[in-house]
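Summary of structural features
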Amino acid sequence: FIDQTRNRIRRSDSSLVLIDPELLGFVEPIEGDPPFLSLQELVTEGPGADSYDRPRSDPDSLAVLQFTSGSTSEPKGVMLPHRAICQNLDGAYEAASLTSHEKVVSWLPLYHDMGLIGLLTIPMSLGVDLVQGAPQDFLARPLRWMRWMSDFEGTATAGPNFAYALAARALRRCDEPLELSQVRILLNGAEPIDASTFRRFFDAGERFGLDPSCAFPAFGMAEVCIAGCFPPQGKGLRTDVVDKRTLELDGIAEPVDHDAEGSVELAILGSPVPGMEMRIVDPQTGEDLEERRVGELLLRGTGLTSGYYKQPDATEELLAGGWLHTGDLCYSVDGELVVCGRSKDVIIVGGRNVYPQDIEKIVGEIEGVRTGNVIAFGVDGRHGAQNIVVVAESKGGDLEEIRRNITVAVTESEGIPPKEVLLVEAGTVPKTSSGKLQRSAAKAGDAAGTLTLLEK
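Residues numbered from 1 in each chain as written. Predicted model: local features only at pLDDT ≥ 70, side-chain atom pairs only at ≥ 80, totals over all residues. Heavy atoms only, no water.

Before going further, it helps to examine the pattern of salt bridges. This structure, assessed with the given rule, holds 21 salt bridges. Here Asp288 and Arg279 are joined by a salt bridge, their closest N and O atoms 2.8 Å apart. In this structure Arg279 comes out as partly exposed when scored by relative accessible area, which is 22%. One salt bridge in this structure joins Glu360 and Arg439, with 2.8 Å as the shortest N-O distance. (Salt bridge = Lys/Arg side-chain N within 4 Å of Asp/Glu carboxyl O. Buried < 20%, exposed > 50% of the residue type's maximum accessible area, 1.4 Å probe, protein only.)

Spelled out as structure tokens, the structure:
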């Protein structure tokens, strides 16, 4: 984590680094680092308020340099001007029907766009109460999140899909009194949304008064400040159930019954927030696709980044033609967005676009595997085809049996066995600083032989 942070500091040309005094002992400056200063030193030894010279307001100047998570490539510095952030926040207020009476609760890290802009800047600019916890406090005891919502009468919060999985488990075991009937918005985003996980969370919270209508599955990314597409507030979780094989082979989202064999359930993520518009295009030709045809999501509007810091080639690729190319494979239903997966992560098997999150979900439900700690990726095979590799953290037990169960589950799901099943030690599956799976890092680790494999 320190190496990741140091890399970001150097890429951003930072001239000064402010550090919490409690963390100074964990950081050893090395050659090339800018000066490190504790927050306490800034207060006691700084120039003071009398010498403060307010800078000239420039709506188009850089406000935040927000690094991408690095889930599919090396983190890039996303440049966010003041104007873009303010206009995107205005769109988020309107789309989410936020009021001056909200009480926002968050444990999200402030070095991530959802935590910094979504759940810190929105309350600050609205002038509403914010209860800010620490990520490590939530991860150590996930029930704390819901306890904070209850104790502080929180009306709105947000988290990635894995957080709702942890909270669901904690709520099922909870024997404390909680009051969650006041909650209006539970935003789920930042990673693929598993409808069944989100639904289990609401089932577990029902006895505490949690209303399923407050489910708020959304789409956002650092390159649009935070808010891309929001669903109608108060409609709850809405999904699209489609034929998996048709989706993978033909790129068509063909609706089927919920219990149909070979179906996949995808969350509907709403429409672009005010000030934004979207297109879904053929990645090869750039032509607009009709509804239920899978293509790349393009966004345009008032909340876009001005580009990647000191990376003109990447910026030109990102903003080609005046539209932001997200790299997400999606389709639309009645003008609303449905995300299938990242184009860089897709595994091409037998002419099918296999989405790794489908494999990861299935493997994560196998006895002996740590849910949320599974990565699937493709490696080149013969004749241009790809083979599937699964990396999973194990809880222990008979490792050979776990490997066999994973192989059977993937074969039954995808019609082809994985080339390799790699069981690794707990806590070693590569993740970003915000908790996203790093499939590219896992693939690189497999190629280099640096994954921490468990003995047979």
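Further notes follow.
A few words on a positive patch on the surface. On the surface, a cluster of positive charge is contributed by Arg169, Arg172, Arg173, Arg200 and Lys395. Locating Arg169 in the fold gives a position in helix H7 (residues 161-173). A relative accessible area of 33% places Arg169 in the partly exposed class. (Patch = residues over 30% accessible without salt bridge, like charges linked within 9 Å, V, L, I, M, F, W, Y side chains within 5 Å. Areas by Shrake-Rupley, 256 points an atom, 1.4 Å probe, with all protein chains shown as cover. Lys, Arg positive; Asp, Glu negative; His and termini not counted. Charge placed at Lys NZ, Arg CZ, Asp CG, Glu CD. Helix = DSSP H or I, 4+ residues; strand = E, 2+ residues; numbered from the N terminus.)

Summed over all chains, the structure comprises 9 aromatic pairs. Ring centres of Phe216 and Phe230 lie 5.2 Å apart, and the angle between their planes is 80°; this geometry places the pair in the edge-to-face category. With Phe216 in strand S9 (residues 215-217) and Phe230 in strand S10 (residues 229-230), the pair connects residues that are 14 residues apart, well separated along the chain. Each member of the pair, Phe216 as well as Phe230, carries the same accessibility label: buried. We note Lys76 situated over the ring of Tyr308; from NZ or CZ to the ring centre the distance is 5.5 Å. For Arg279, the ring lying beneath its charged end belongs to Trp323, and the centroid distance is 5.0 Å. (Phe/Tyr/Trp six-rings, centres within 6.5 Å; stacked < 30°, edge-to-face > 60°. Lys NZ or Arg CZ within 6 Å of the ring centre and 35° of its normal.)

Taken as a whole and judged by the stated rule, the model has 1 cavity of 30 Å³ or more. Considering only enclosed or pocket space, the largest cavity measures out at about 30 Å³ in volume. Around the largest cavity, the lining residues are Leu247, Val264, Leu266, Cys340, Tyr355, Gln357 and Asp358. Elements with a contribution of two residues or more to the lining of the largest cavity: strand S12 (263-267) and helix H11 (356-364). Looking at the lining of the largest cavity, its residues break down into 5 nonpolar, 1 polar and 1 charged. (1 Å grid on protein atoms, 1.4 Å probe; cavity = no way out; pocket = protein on both sides within 12 Å on 5 of 7 lines; lining within 4 Å. Points joined across faces, edges and corners; volume = space filled by probe spheres on them. Nonpolar A, V, L, I, M, F, W, Y, C, P; charged D, E, K, R; others polar.)

The next subject is the packing of H11 against helix H12 (residues 399-414). The interhelical angle for the contact between H11 and H12, taken along N-to-C directions, is 140°, at an axis separation of 10 Å. If you check the angle between H11 and H12, you find them oblique. Two packed elements cross with a definite hand, and for H11 against H12 that hand is right-handed. Together, Asp358, Ile359, Ile362 and Val363 of H11 and Ile406, Ala409, Val410, Ser413 and Glu414 of H12 make up the contact between the two elements. Its residues assigned to classes, the contact of H11 with H12 shows 6 nonpolar, 1 polar and 2 charged. (Axes fitted to C-alpha atoms, helices over the stretch in contact; angles between N-to-C directions. Parallel < 35°, antiparallel > 145°, perpendicular 65-115°, else oblique. Left-handed = near helix turned anticlockwise from the far one by under 90°. Contact = heavy atoms within 4.5 Å.)

One finds Trp145, Met146, Phe201 and Phe230 to be the most contacted residues of the largest nonpolar core, which totals 73 residues. Once you skip the residues sitting within four places of it in the chain, Phe230 turns out to touch Ala92, Ala95, Ala96, Leu187, Phe216, Ala218, Leu269, Gly270, Ser271 and Val273. Of all hydrophobic cores here, the second largest spans 19 residues; its members include Ile359, Ile388, Val410 and Val421. (Core = buried A, V, L, I, M, F, W, Y, C linked by side-chain atoms within 4.5 Å.)

Where burial is concerned, most of strand S18 (residues 336-342) is hidden: 5 out of the 7 residues are buried. In this structure, strand S17 (residues 324-333) lies alongside S18, joined through 6 bridges in antiparallel fashion. If you follow Leu329 over to S18, its bridge partner there is Gly341. Connecting S17 to the next strand, S18, in antiparallel fashion are 2 residues, including Asp334 with a positive phi near 50°. (Pairing = 2+ DSSP bridges.)

This brings us to a nonpolar patch on the surface. On the surface, Leu16, Leu18, Leu39, Leu42 and Val43 cluster together to form a nonpolar patch covering roughly 450 Å² of accessible area. The greatest single-element share of the nonpolar patch, amounting to 3 residues, is contributed by helix H2 (residues 39-45).

Through backbone hydrogen bonds, the strands of a sheet pair up, either in parallel or in antiparallel fashion. Read across the sheet, 4 strands follow the order S14-S15-S17-S18 without closing on themselves; strand pairing throughout is antiparallel. The outermost strands of the open sheet, each flanked by one partner alone, are strand S14 (276-281) and S18. Strand-to-strand twist across the sheet, computed as the mean angle between neighbouring axes with direction ignored, equals 50°. Where S14 lies against strand S15 (residues 295-301), 6 bridges are found, and the strand directions are antiparallel. Directly across from Met276, in S15, lies its bridge partner Gly301.

Note that all results are geometric; they support no functional claim without further evidence.
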